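Spelled out, the chains give:
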Number of protein chains: 2
Amino acid sequence: MAEEKKIPYKIYLEESEMPKAWYNVRADMKNKPAPLLNPGTHQPMTAEELGGVFCEELVQQELDNDTPYFEIPQEIRDFYKMYRPSPLVRAYCLEEKLQTPAKIYYKFEGNNTSGSHKLNSAIAQAYYAKKQGLKGVTTETGAGQWGTALSMACAYLGLDCKVYMVKVSYEQKPFRREVMRTYGASVVPSPSDTTAVGRKILAEHPGTTGSLGCAISEAVEVAVSNPGYRYVLGSVLNQVLLHQSVIGLETKAALDKVGVKPDMIIGCAGGGSNLGGLISPFMGEKLRGEADYEIVAVEPASCPSFTRGVYAYDFCDTGMVCPLAKMYTLGCDFIPAPNHAGGLRYHGMSPVLSQLYADGLMKAVSVPQTAVFEAAEEFARVEGILPAPESAHAIKVAMDEARRCKETGEEKTIVFGLTGTGYFDLVAYQKFHDGLMDDYIPTDEELAAFRAKLPKMD
Amino acid sequence: MAEEKKIPYKIYLEESEMPKAWYNVRADMKNKPAPLLNPGTHQPMTAEELGGVFCEELVQQELDNDTPYFEIPQEIRDFYKMYRPSPLVRAYCLEEKLQTPAKIYYKFEGNNTSGSHKLNSAIAQAYYAKKQGLKGVTTETGAGQWGTALSMACAYLGLDCKVYMVKVSYEQKPFRREVMRTYGASVVPSPSDTTAVGRKILAEHPGTTGSLGCAISEAVEVAVSNPGYRYVLGSVLNQVLLHQSVIGLETKAALDKVGVKPDMIIGCAGGGSNLGGLISPFMGEKLRGEADYEIVAVEPASCPSFTRGVYAYDFCDTGMVCPLAKMYTLGCDFIPAPNHAGGLRYHGMSPVLSQLYADGLMKAVSVPQTAVFEAAEEFARVEGILPAPESAHAIKVAMDEARRCKETGEEKTIVFGLTGTGYFDLVAYQKFHDGLMDDYIPTDEELAAFRAKLPKMD
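Residues numbered from 1 in each chain as written. Chains lettered and ligands numbered in written order. Predicted model: local features only at pLDDT ≥ 70, side-chain atom pairs only at ≥ 80, totals over all residues. Heavy atoms only, no water.

S.K.: Explain the domain arrangement of chain A to me, please; I cannot follow it from the model alone.
M.R.: One frequent convention defines the size of an interface as the accessible area lost when the parts assemble. All names here are of chain A. Domain assignment breaks chain A into domain 1 (4-20 + 72-115 + 239-451) and domain 2 (31-68 + 118-231). Relative placement of domain 1 and domain 2: their C-alpha centres are 23 Å apart. Of the residues lining the interface, 42 residues belong to domain 1; the matching set on domain 2 comes to 43 residues. Taken together, the connections running from domain 1 to domain 2 amount to one salt bridge. Between Lys-173 and Asp-425 there is a salt bridge whose closest N-O contact spans 3.3 Å. Summed over the shared surface of domain 1 and domain 2, the result is 15 residue pairs in polar contact (both at pLDDT 80 or more). With seven residues, the single largest contributor to the side of domain 1 that touches domain 2 is helix H11 (residues 238-257). (Domains from an automatic or database assignment. Contact = heavy atoms within 4.5 Å. Salt bridge = Lys/Arg side-chain N within 4 Å of Asp/Glu carboxyl O. Polar contact = N/O pair within 3.5 Å; in protein donor to acceptor, adjacent residues only side chain to side chain. Helix = DSSP H or I, 4+ residues; strand = E, 2+ residues; numbered from the N terminus.)

S.K.: Could you clarify how one ought to interpret the environment of B:Ala398 in this entry?
M.R.: Residue and element names in this part refer to chain B. Relative to the helices and strands, Ala-398 resides in helix H16 (residues 389-408). In this structure Ala-398 comes out as buried when scored by relative accessible area, which is 1%. Sequence spacing of Ala-398 and Asn-238 is 160 residues, and the spatial spacing of their C-alpha atoms is 27 Å. If near-sequence neighbours (up to four positions away) are discounted, Ala-398 is found in contact with Ile-266, Ile-414 and Phe-416. (Buried < 20%, exposed > 50% of the residue type's maximum accessible area, 1.4 Å probe, protein only.)

S.K.: In this structure, what is going on with the pattern of salt bridges? I would like to understand it.
M.R.: Note that side chains of opposite charge can pair when their charged atoms are close. Counted under the stated rule, the structure contains 56 salt bridges over all chains. Across the pair A:Glu410 and A:Arg404 runs a salt bridge whose closest N-O atoms are separated by 3.1 Å. Judged by its relative accessible area of 31%, A:Glu410 falls in the partly exposed class. The shortest N-O distance in the salt bridge between B:Glu294 and B:Lys412 comes to 3.1 Å. Placement of B:Glu294 in strand S11 (residues 294-300) and of B:Lys412 in the loop between H16 and strand S15 (413-418) is noted, with a sequence separation of 118 residues between them. The exposure class of B:Glu294 is partly exposed, given its relative accessible area of 24%. Taking the relative accessible area as the measure of exposure, B:Lys412 reaches 9% and is therefore buried.

S.K.: Would you take a moment to explain the sheet that holds strand S9 (residues 229-231) of chain A for this structure?
M.R.: Adjacent strands of a sheet pair through backbone hydrogen bonds, lying either parallel or antiparallel. Residue and element names in this part refer to chain A. Ordered in space as S8-S7-S6-S9, the four strands form an open sheet in which the pairing is parallel. Every interior strand has two partners, whereas the edge strands, strand S8 (186-190) and S9, have only one. Strand after strand, the sheet turns through a mean of 25° between neighbouring axes, direction not considered. (Pairing = 2+ DSSP bridges. Axes fitted to C-alpha atoms, helices over the stretch in contact; angles between N-to-C directions.)

S.K.: Help me understand helix H2 (residues 56-63) of chain A in this model?
M.R.: An α-helical turn contains 3.6 residues, so any two residues separated by three or four positions project in the same direction. Residue and element names in this part refer to chain A. Every buried residue belonging to H2 is among Leu-58, Val-59, Gln-61 and Glu-62, and all of these are buried. One side of H2 carries all its buried residues, which in axial view fall inside an arc of 160°. As for H2, its buried residues are in contact with strand S2 (21-23), helix H1 (47-51), strand S3 (69-71), helix H5 (119-131) and H11. (Arc of directions from axis to C-beta.)

Here is the structure:
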C-alpha cells in the first residue's frame, strides 16, 4: 500500500468530459425490445395513448428504438453537475483484503442526498414535465430512493410532487418520508382513501400494508384524473434506461482515460435501471461487434425474475391497469418474501434487458440475502462506504469472482455498479448483526402458481 | 443557468495535488495557545503525563507549537484517497436562488460513510495507535459522527474500538449505533456499569440519560486502566486541529487552482475541529501578514461559548478528571438546552481558536435553531445536499451575508464549511417540519451561575 499507485483511487471526469448525450442501446439491438401493449386490445400502445400518462417527450424517448443518441438538455446537464460526475473507484483496499490478482473498479452513485442513481432519471423526467408546462408529477416509492430522488428534482424545478409510498415502508422508514418532506413533496401512505383504487383495496383487504403494485395504481389514477399532472416511474421503462446510460457513459470515459478495458461488468437488477444504464455503452460495442464483455445481472434469490422467471407479456402493476410489457417475469401477483433490498423486489424486468438476456448477450445469477450482507459488511470495513442492500448484490458477485481469480491467477478487470448507500437501511443491518435475517427462496411450485396467472395472449 | 460556467460546479484536486503535510497554525501564532494544565498541580501537563492517556506521537503533536508542517504518513494518505479530496463546490444554484452578486463556495466533507469531516482525524489517531503497537482505543460520542468515524478507521486498521455513547443518543439514534457495529466497534450506552465513574454516576443519578462529559470520563477510565489502550478525542485538542488542516489546505489549493481569493470564511464551531481545520492555512497567511480574511465562527445561541463565554482555564469534561484547558467556556457543568446540532453542544472551545479569537483575529456569531433549519431546508432544495444541523449554522450565516451583498451590490467571495450530511438527523428535521422546534437561549443569570463554578486558579 505504501508506494504511489499509477491509477488513482478515484477517477473523476472533468466537467467538460461529462456526457452531453444519452445513449440509446436499442438503436444497436438487432432484436428490438417488444413493444408495450394496450391491456385491453393487446395492440402496441400508441404515442397518444401513452401521452395521457407520460409527458410527450418521454413518450418519444420510450418509443424510439432507432435514434442512438439523445442530447441531454443543458438544464439537466447543469443539475448533473451538482452531483456528477460520480467517481469511478479503484478498489485497491478490497483487492488487498482479498489478495486477488483481479483489478476491481466500482462506479459509485451514492454521493447525493437521494443516496442512489435514481436522481439521474428523476431530474430528466421532472424537466420534461416542467417543459410541457405541467403543474406536477405523481409516482410511487417502495424503499424510498426513487421518491427521494423525484422530490429533489421537483424541488429544484419548482414542480409539485405527490408520492404514494407503500404503507409498510411509510411506517418503517419515517426518515425516508422526512427527507421527501424536506424537499417539499407530499407523501401519502398507500393504499389510501385518496384514490378509487386505494379505497377499493382498503375495502377488500382492511389492514393491508400495501405493495408497490398498488402504489403504482394509485399514482397513475391521480395523474390521469388531475389536469396538469403526469405519472413518472423510476425503473423498467426504456426512457429510464436511456437516462441512466449516463452511468455507463461516464464509466467508459473514465476507464478510457486511464486506458483500462474491463473484462466483466456486474450490476444488481430489480427493474433494471442501474444495470441497463451501467452496461449500455459496453453492450453497444458488443452489439456492434467492436468488443466483448462478460455482463452479469445479480438479483435476489427471493425475487429471481431473470434466473427463474419466464419471458412473456405481463402487467407492470398488480392492479393490472398499466400496459403489458414483454419481460422476464415471475407474474404480476408475485409477492417476494421479505428482503431488505427493497429496490430489487419487482416481479418483472426491463424489456430492453429482457431481450438482451433472451439473446444470450448477458448472464444472470441470484444470491441469497445473508451472503449479500456478509459481503456488504466486508466491503464497508475495507472500502469505507456502507452500501445499500441492493448494491451489495453486485459486491457479492464481484467479490466471488475476485476470489475465483485468486485461485486461477487471472488478472481480470471487474467493474461493478455501487448504486447507493445504506444509511436508510440500518434496520436491515441490525437484523443481520442480530442473526435474525432469513434466506427465503421460493419453491418451483410457488413460482408455477404465479406463472399460471400470466395474461393469456392471442 | 444555460451558458457554460468558467469555474466548474465542483473543484476537485487531482490525487497528486492532495496535501502531503498537515499545517500547524500554532507555528505562526505570536501568542501561542495556553498549555493544558494538570488538574491537581495546575502545572503544564508533561509529555509523560499525557502519554498515559494519549499515543506518543499524538502527544508530540499536541505539545508542538513550533513545527509548521507535519508530514502525513503514506498509510494515512492512502486512506484519505478513499474519500478525499472532498469537493469544493461553487454554489451556483444558491447564488441564483438568492439573486446575490456574492460568489459562494463550500467545502463539502460529508461524502463519506461517517457523514462528516471527523474521519480526517480519526484515521490519524487510529494510525498512531496502531503504529505504537496498541490493541485499541476508547472514545466517547454524542451525536455519533465521531464514533462512526473512529469505528471506520479502526476497522480499516484492525484495531479494537470501544465507544461510550451518551445514553440518550444511544437510544434515540439506533442507526448511528448500528453503523458503528457494522464497523465492528463495541458501543456502550453511558453512563454504564462497566466503569467506576459510570457506576458512581448511576448511583447518584439513577435514570440519567448521560452527558458527553460523563462519557468522556468513562472512556478515559477504560483507556488508562487497560494495558494496550489509549483514549482519543474528536475535537478541541491541538492535534485534532492539526489533522483537520487537510480541509483548509485542500480548500486553498482548489481556490488557487481557479485563481480565486476568498473574502470571508465561515464555519460552524462546537469544539472547533472543523473551523480550525478549514481556516488554518488562511489564518497562517493572515498571521504572517501575507493576506487578510474575514473569519467567522458560528455557534448555536443555546451554547454560545465564544459569544457569551469567558476566556479562562476550565475542565474539558464534566467529571473533572481531564486536564484544564484555557478556552472560551461556559463552565464544564453547563448543560445546553436541547439542540439538534449535537456536535456543537460543548461547553468549551479549542484553545487554539480561543487564543485567535481573544487576539481579534476572528469573529463569532450565534444563531437560533429554527432559523438554522430554515436555512438548511432552503439550501437542500436548491443545492441538493441535505446538511447536518451543525453544518447548517454556517449555511445560515453565509446566506445572510449573501443577502446583505444583494443589498449593497458587493461581489464578495464567501467560503463556508459544509461539514456533513443530515441523514441521521431526520428526527430533528421532522420536529422542524411539525413546528415543534424551540429556540431556547440561556439567560445572563444562568450563564453567570455556571461561570461562578469555574476552577479557581492561583
